[in-house]
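Analysis of the macromolecular model
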Amino acid sequence: MRLGRIRAMAVKEMLQVWRDPRSLMIALLMPVMQMALLGYGVNLDAKHIPVCTFDREGSQFSEALLKRFKSTAYFAVVETVDNYRALTAAVDGGDCRIAIVVPPDFSKRLSDSGASSVQAIIDATDDNSANLALGYAQSVVSGFSADIAVQRAGMQGQWMAAPAALSLESRVWFNEDLVSRNFIIPGVVAMVMALVGSQLTSLTISREWERGTMELLVSTPVTPMEVMLGKLLPYFAIGFFDAALCLAFAVFWFDVPFRGTVFTLFFTTALFLIVVLGLGYLISVTVRSQVGASQIALLVTMLPTALLSGYTFPIDQMPALIRAVTYLVHARYYVTILKAVFLKGEGVVELAEPILAMTIYAALVAVLAARAFRKRLE
Amino acid sequence: MSAPDKPKIRVAGLTKRFVGTTAVEGATFDIARGEIFGLVGPDGAGKTTVMRMLAGVMRPDAGSIEIDDVDVVADPEQAKLHLSYMPQRFGLYEDLTVDENIRFYADLFEVPRKLRDERTGPLLAASNMEAFRRRLAGQLSGGMKQKLGLICSLIHTPQVLLLDEPTTGVDPVSRRDFWRILYSLRESGVTILISTAYLDEAERCTRLALFHEGRLRYCDTPKRLKALMPGTLLAITSTAARDLHKALLGRDGVMSVMLVGDGVHAVVDDADRRVPELSAALDAGKIPHGELVRVTPSIEDLFVGLLKDEHAS
């Protein structure tokens, strides 16, 4: 292996990227655009869920309860109806996601037995939002009932009795504000890097075949290893620049808390870059047309990363078989690492397991990529 | 087919099959040091396949190739150090400048920087390209592209030069530059294997190999190949070449007729007997024609004659 030849390949490749608008766009524009799109587009927090109310009692208590729905930021009361048919129409028509019905004996039962109930009708076509809406509705109602209990205790002359004998006080760790963005954005960075990385290198060999420059290149003494290293080096630099850009975007623009060290971040990012660049290169060697290589690179990185990396759907909630498949998804390890580095501030030691897995992955891809390229025309 | 010294290149039984066809079948030839060895034949004759196998970028199915003592089939990488291959399709980077391309190939062959700069100047000068050093290769004319290709392949001073139709689509001035460079290389002992579609270029080669349908049919000096041709070639000018062509075709003693620029070329078995015969017949048929002149066949006449002969037998 000769350094001079590697350097010659790298310089040539860099000049070509610099002069090719399409490559430049993938290298510089794509990461920023995707960060913006995915960062803003994916938001699992529900706010201003449209709600429809049906007060069958019209008492002071029922109005007080419904007023709470109006005042919270989670809900927006879009319609107030006075019969079930209108309510059904509102839910069916998609005007509201959730309907709250206060029964006619609401305050009577409350004063008689100290317990009453309200009905919630939820549009569960999107189960995630339905769960969120239900959860928020429960918290509004339980907040109300706690206040009632305190009031009743006061009226009965008891001094501030506990509203319940035992209450659960939950404390959320790592993402204290339960902002979904905080765990989505590190995943977005992984997603963007998986896409951009493989796109960058997917063209590098297929371009030589398509433009007819490969025949001359393989007639020179350059070795396959020198070709690979020379071609990947510039993209490694570009990839690193892109990663830094995305990470800075996450921290300074989306305000994701960053608790780890920059070293852990860059070390693991370098590993991940080897995996994605190597994968793109491998595809480029195998598929000899630029369009074909780019499409395949998109297919093998986009879907698995979006669905199986734990970027949106938690891996531990997947069926065992699918969970087994996720071990093959390269982004899985980087997503895990990024979330841990960002939110938990974990270092190389705590992350030994995913780092090891990613190292093995990188080595495997590198060996396959190095062996795939043959200096033959057939 | 004898070569004076120990041959520089020895090819024996070279065979390459592709799915459904045999591109090259049992080609055997030697090339001496300092030869300009021409590969000629119609498209699809197997010239490019032979070139590629010699360049070590395609593996033959059978046969052997030796350049000096290097077995090209077994160790193509060793051979690549001493040869240069210029593919038929332009193989340089169109988005790099002339200088950048030269530098890239010099680096791949590990030519020291100083040496590279010393060689680049004269090579650019010899091809009249000094003014275009900073131009992108993609913006060069066809002729200049090919000359750049030649410069890149000469930057590491190879001992063997493999050129696959390097002058196809090249303007006459550039072609002249090109051949001047080839002659001077030959004098410095470089062995050149060139395929060409231009038969005037074929005449400039020291020896020619005629390929047809994957087989090597004839291999000798242009002069001796011409002697192989049976019959005598007659050139007949005419203002009605097509009628003349029709009138001659199939007549007794006429072996072949070919339309050329200002008339026809016809091959006859016995010129002394046929010239008066044909001349009388043409006059009788009122076909305008000039004198029937005996000429030395060109390589093109030769191939038409030789290959036709073979088809007949």
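1. A word on the interface of chain B and chain A
Counting residues at the interface gives 29 residues for chain B and 27 residues for chain A. Roughly 2700 Å² of surface becomes buried between chain B and chain A when both sides are summed, with 54% attributable to carbon and sulfur atoms. Summed over the shared surface of chain B and chain A, the result is 7 salt bridges. Here A:E215 makes a salt bridge to B:R52, at a shortest N to O gap of 2.7 Å. Counting across the interface, chain B meets chain A through 15 residue pairs in polar contact (both at pLDDT 80 or more). The leading source of residues in the side of chain B that touches chain A is helix α3 (residues 98–108) of chain B, at 5 residues. Of the residues belonging to the side of chain B that touches chain A, the class tally is 15 nonpolar, 3 polar and 11 charged.

2. Quick notes on the confidence of the model for chain A
Of all residues in chain A, 92% attain a pLDDT of 70 or more, and the chain-wide mean is 86. Across chain A, helix α1 (residues 3–19) of chain A holds the top mean pLDDT of 96, while helix α6 (residues 127–155) of chain A sits lowest at 79.

3. Quick look at the sheet that holds strand β14 (residues 292–295) of chain B
All names here are of chain B. Strand order in the open sheet formed by 4 strands is β12-β13-β11-β14, and the pairing between neighbours is antiparallel. Two strands in the sheet have a free side with no partner beyond their single neighbour: β12 (254–260) and β14. Strand after strand, the sheet turns through a mean of 30° between neighbouring axes, direction not considered. Its contacts with the sheet put helix α10 (residues 271–284) on β11 (232–237), β12, β13 (263–268) and β14, and the angle it makes with β14 is roughly 150°.

4. Considering the pairing of strand β4 (residues 62–67) of chain B
Residue and element names in this part refer to chain B. The pairing of strand β1 (residues 9–18) with β4 spans 5 bridges and is classified as antiparallel. Within the sheet, the bridge partner assigned to T15 lies in β4 and is A62. Where β4 meets strand β5 (residues 70–71), 2 bridges bridge the pair, whose relative direction is antiparallel. Among the inter-strand pairings, E66 is bridged to a residue of β5, identified as D71. Connecting the antiparallel pair β4 and β5 is a turn made up of 2 residues, with D68 showing a positive phi of about 55°.

5. Quick notes on the sheet that holds strand β4 (residues 119–122) of chain A
All names here are of chain A. With mixed pairing, 4 strands are arranged side by side in an open sheet as β2-β1-β3-β4. The sheet is open, and its two edges are formed by β2 (75–81) and β4, each paired on a single side. Neighbour-to-neighbour, the strand axes of the sheet open up by a mean angle of 25°, direction not taken into account. Pairing analysis gives 4 bridges linking strand β3 (residues 98–102) to β4, with the strands arranged antiparallel. Looking across to β4, one finds that V101 is bridged to Q119. Docked against the sheet, helix α3 (residues 60–71) engages β1 (49–55), β2 and β3, running at close to 165° with respect to β3.

6. What about unusual backbone geometry?
In this structure, A:D255 takes a positive phi of about 55° despite not being glycine. You can see A:D255 is positioned in the loop between α10 (224–253) and α11 (262–286).

7. Re the environment of A:I238
Residues and elements named next belong to chain A. In this fold, I238 is placed in helix α10. For I238, a relative accessible area of 11% puts it in the buried group. Sequence separation of I238 and P31 is 207 residues, and the distance between their C-alpha atoms is 11 Å. The residues contacting I238, other than those within four sequence positions of it, are M14, V17, A27 and L200.

8. Examining the domain arrangement of chain B
Under the domain assignment, chain B is made up of domain 1 (9–226) and domain 2 (230–296). Domain 1 of chain B and domain 2 of chain B are separated by 39 Å when their C-alpha centres are compared.

9. Here we look at the domain arrangement of chain A
Split by domain assignment, chain A resolves into domain 1 (3–43 + 179–372) and domain 2 (49–155). For domain 1 of chain A and domain 2 of chain A, the distance between their C-alpha centres works out to 48 Å.

10. Some remarks on the packing of aromatic side chains
Note on aromatic pairs: each is described by the distance of the centres and the angle between the planes. Residue and element names in this part refer to chain A. Going through the model one piece at a time under the given rule, you end up with 15 aromatic pairs over all chains. Each ring, one from Y74 and one from Y136, has its centre 3.8 Å from the other, and the planes form 5°; the classification is stacked. Taken together, the residues span a long stretch of sequence, with Y74 in the loop between α3 and β2 and Y136 in helix α6 at a distance of 62 residues. Members of the aromatic cluster, connected to one another through ring pairs, are Y40, F249, W253 and F254. Over the ring of W209 we find R288; its NZ or CZ atom is 3.6 Å from the centre of that ring. Over the ring of Y327 we find R332, and its NZ or CZ is 4.2 Å from the ring centre.

11. Observations concerning a nonpolar patch on the surface
Residue and element names in this part refer to chain A. Together, I296, L298, L299, V300, M302, L303, L307 and F313 give the surface a local cluster of nonpolar side chains, amounting to about 680 Å² of exposed area. Inspection of the secondary structure assignment puts L299 in helix α12 (residues 290–308). The class of L299 is exposed, set by a relative accessible area of 57%.

12. Quick notes on the nonpolar core
A:M35 and B:L182 are the most contacted members of the largest nonpolar core, which has 157 residues in total. Broken down by element, the residue count for this core peaks at 12 residues, all from helix α7 (residues 180–202) of chain A. In contact with B:L182, not counting residues within four places along its chain, are B:I36, B:L150, B:L161, B:L163, B:I192 and B:I194. In terms of nonpolar packing, the next biggest core, distinct from the first, is built from 17 residues, A:L65, A:I98, A:F106 and A:I148 among them.

Parameters at a glance
- Think of each chain on its own: its residues are numbered from 1, step by step along the sequence as written.
- Written order determines the labels here, with chains lettered from A and ligands numbered from 1.
- In keeping with the predicted nature of the model, local features appear solely for residues at pLDDT of at least 70, side-chain atom pairs appear and are counted solely at 80 or more, and the whole-chain, interface and lining totals rest on all residues.
- Note that the side-chain values use all heavy atoms of the structure and ignore hydrogens as well as water.
- Throughout, a residue-residue contact means that at least one pair of heavy atoms, one from each residue, lies within 4.5 Å.
- Buried surface area refers to the total accessible area, computed with a probe of radius 1.4 Å, that the two partners give up upon joining, counted for both partners together.
- Counted as salt bridges are all cases of a side-chain nitrogen of Lys or Arg within 4 Å of a carboxyl oxygen of Asp or Glu.
- Counting of polar contacts relies on pairs of N or O atoms within 3.5 Å, with two restrictions inside protein: one atom must be capable of donating a hydrogen and the other of accepting it, and residues adjacent in sequence are counted only when both atoms are side-chain atoms.
- Only DSSP runs of H or I with at least four residues qualify as helices, and only runs of E with at least two residues qualify as strands; both kinds are numbered from the N terminus onward.
- Under this grouping Gly is polar, as are all residues other than the nonpolar Ala, Val, Leu, Ile, Met, Phe, Trp, Tyr, Cys and Pro and the charged Asp, Glu, Lys and Arg.
- Think of pLDDT as the predictor's per-residue confidence, scored from 0 to 100.
- Two strands make a pair as long as DSSP finds a minimum of two bridges between them.
- Think of each axis as a best-fit line through the C-alpha atoms, taken over the contacting stretch in the case of a helix, with angles from 0 to 180 degrees between the N-to-C directions.
- Relative accessibility under 20% of the residue-type maximum defines a buried residue, over 50% an exposed one, and the middle range a partly exposed one, all with a 1.4 Å probe and only protein chains included.
- Residue ranges labeled as domains rest on an automatic or database domain assignment.
- What counts as a ring pair is set by centres within 6.5 Å for rings of Phe, Tyr and Trp (its six-membered ring), and what kind of pair is set by the plane angle: stacked under 30 degrees, edge-to-face over 60, tilted for all other angles.
- Sitting over a ring, as applied to charges here, requires NZ of Lys or CZ of Arg to be within 6 Å of the ring centre and within 35 degrees of the ring normal.
- Residues forming no salt bridge and having over 30% relative accessible area are the ones grouped into patches, like charges within 9 Å of each other and nonpolar side chains (Val, Leu, Ile, Met, Phe, Trp, Tyr) within 5 Å.
- Residue-level accessible areas treat just the shown protein chains as cover; the underlying method is Shrake-Rupley with a 1.4 Å probe.
- The term nonpolar core refers to a set of buried residues drawn from Ala, Val, Leu, Ile, Met, Phe, Trp, Tyr and Cys, joined through side-chain atoms within 4.5 Å.

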